[in-house]
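Okay, here's what each chain looks like letter by letter:
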Amino acid sequence: MGRDKIGAEGLAKAIGLPSAVMLVVGGIVGVGVFVNPAIVARNAHSPIELLSAWGAGGVIALLGAFVYAELAARIPHTGGDYAYLREAYGPLPAFLNGWTLLLVVQTGGMAAVTIAFAKYLDVLLGGAVPQSLIVVLSLAALAGVNILGVGAGNSVQGVLGAIKIAMIVALVLAGVLLVAPAREPPTSVVGVGTAAGLKAFGAAMIPVVFSYGGWQTANFVAGEMKDPRRDLARALVLGVLIVIACYLSVSWACLRALGAAGLARTLTPTADVLGLAIGPAGAKVAAALVAISALGYLSQSMLTAPRVYYAMARDGLFLRRVGEVSEKTRAPALAILLQAIWAGVIALSGEYERILSYTVSMNFLFFGLSGSAVFVLRARERRTGAAPAGFRAPGHPWTTGAFVLACVLVVVSTFWSYPRESLVGYGLLLLGLPPYFYWRRTRHKVTEAHGKA
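Quick caveat, the model's predicted, so the values are computed rather than measured.

1. Some thoughts on empty space enclosed by the protein
Following the criterion strictly, the structure yields 1 cavity of 30 Å³ or more and no others. Estimated volume of the largest cavity: approximately 90 Å³. Lining the largest cavity are Asp81, Asn97, Thr100, Leu101, Val105, Gln216, Phe220, Met362, Asn363, Phe366 and Phe367. Counting residues per element, the ones that place at least two in the lining of the largest cavity are α5 (91-125) and α14 (352-384). Per-class residue counts for the lining of the largest cavity are 6 nonpolar, 4 polar and 1 charged.

Right, here's the structure in full:
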């Protein structure tokens, strides 16, 4: 710890390029890649549409990586979207982003993944440990590791991420080399050009974009990277490309082994493919694969997202003590504990599935706002004559505009497919207005008091 440089934000700079790449991969790959191919298959009307949906999601993620790489080069500060929105649009949209992250987006996703981890570990343990106890112990253990410092949390996350990628490669090889291709009659296709086909493809895209979400979470810890202007941009692009390869490979392997109809019928595509490849032991191997992947995602989430609440508190827009770090470990211990406790509450309450249905629309609202911030910051740069950022999004303004448009289309598609859940999500977002104005007024009073003193 003593050898780590302490940055201006009070956090230890201990993350290099390889670790940053694993943070990007770990922030994206959770359990969705092992379950969502079946959900996508139920909405897509052909193998081509299914793979196209995963490919389109990858393009959106890559465009997002370009956008966030430039934002990271311009604003290499802790907090990611929170810092970018604060810089481009002011504190209110930045706060609402952090508010929804803590209230539902990050913690709801963590709750769902923790439940998945508990269920699959329960399969491996034969029901010997109650799932609720697994939820509590796993969140407590990961919180404890990360409270020990960014080095400890990053090491655990890196190991779990490497194991996860190795197991995904093994799954794909098993599905391709050990399973004969499925034979099935051709199915009727509803054209994407029709209203029904377009709506179906939009519905198929929702689990896809949810599975690809998370590339931006590595930006939360920019203040703890050794060289964020250089390493974070590279890590975002490399990490997203690795994930695109993983997702397309898994989807293709499942489609090849089970066929489009078989994939659409199953609830456990990974277990089915491994069952065909290695027999009855396939279910156990699939359970281990999903459990390790889930734990890796949780480890990454416990490392990254608390830095957003830490940044909010340092700005006086959240509980003051959340903006403090441990003198010994330089970790935002209270921010980490707060997230772990709230994720546990959601998981144990059984409301995590409902909360997840609220998140996609809100996520892409803020992704789009962050993407549009590139236009604002470039215009400001031209007015002031400031030096350009180290990384420039390739193809801007077309690529940046395409990303923002894609975010708008995802929000519209989510409203179209799930209007009630989307409205509830934005209602939860608006619940952040009273605390924002309270903390803002409190901050002004403290500032005035210090000025008079």
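2. Comments concerning the environment of arginine 183
Position of arginine 183 among the secondary structure elements: in the loop between α7 (150-177) and α8 (195-212). Using a relative accessible area of 85% as the deciding quantity, one classes arginine 183 as exposed. In this structure the C-alpha to C-alpha distance between arginine 183 and alanine 257, which are 74 residues apart in sequence, comes to 9.0 Å.

3. Let's talk about the packing of aromatic side chains
The final tally for this structure, using the stated rule, is 13 aromatic pairs. Seen from their ring centres, phenylalanine 95 and tryptophan 99 are 6.1 Å apart, and the 25° between their planes marks the pair as stacked. Of this pair, phenylalanine 95 and tryptophan 99 both sit in helix α5, separated by 4 residues, roughly a single helical turn. You can call phenylalanine 95 buried: its relative accessible area is 0%. Residue tryptophan 99 is classed as buried on the basis of its relative accessible area of 18%. Summarising the aromatic geometry, the rings of phenylalanine 95 and tyrosine 436 are spaced 5.4 Å apart at their centres and angled 45° between planes, so their arrangement reads as tilted. Residue phenylalanine 95 is found in helix α5, and its partner tyrosine 436 is found in helix α17 (residues 433-452); the two are separated by 341 residues along the sequence.

The rules behind each value
Along each chain, residue indices are assigned from 1 in the same order as the chain's sequence is written. In view of the model being predicted, local features appear only for residues whose pLDDT reaches at least 70, and side-chain atom pairs are presented and counted only at 80 or more, with totals across whole chains, interfaces and linings using the full set of residues. Hydrogens and water are ignored here; the side-chain numbers use all heavy atoms of the structure. Note on definitions: the grid is 1 Å and covers protein atoms alone; a cavity is a set of points where a 1.4 Å probe fits but cannot get out; a pocket is an open set with protein on both sides within 12 Å along at least five of seven lines; lining residues have an atom within 4 Å of a point. Grid points are joined across faces, edges and corners, and a volume is the space filled by probe spheres set on the points. The secondary structure listing takes helices from DSSP runs of H or I that are at least 4 residues long and strands from runs of E that are at least 2 residues long, numbered from the N terminus. Here the term charged refers only to Asp, Glu, Lys and Arg, the term nonpolar to Ala, Val, Leu, Ile, Met, Phe, Trp, Tyr, Cys and Pro, and the term polar to all other amino acids, Gly among them. Here the term buried applies to any residue with accessible area under 20% of the maximum for its type, exposed to any over 50%, and partly exposed to those in between, with areas from a 1.4 Å probe on protein chains only. The pairing test for Phe, Tyr and Trp rings, Trp by its six-membered ring, is centres within 6.5 Å, and the orientation test on the planes gives stacked under 30 degrees, edge-to-face over 60, and tilted for anything in between.

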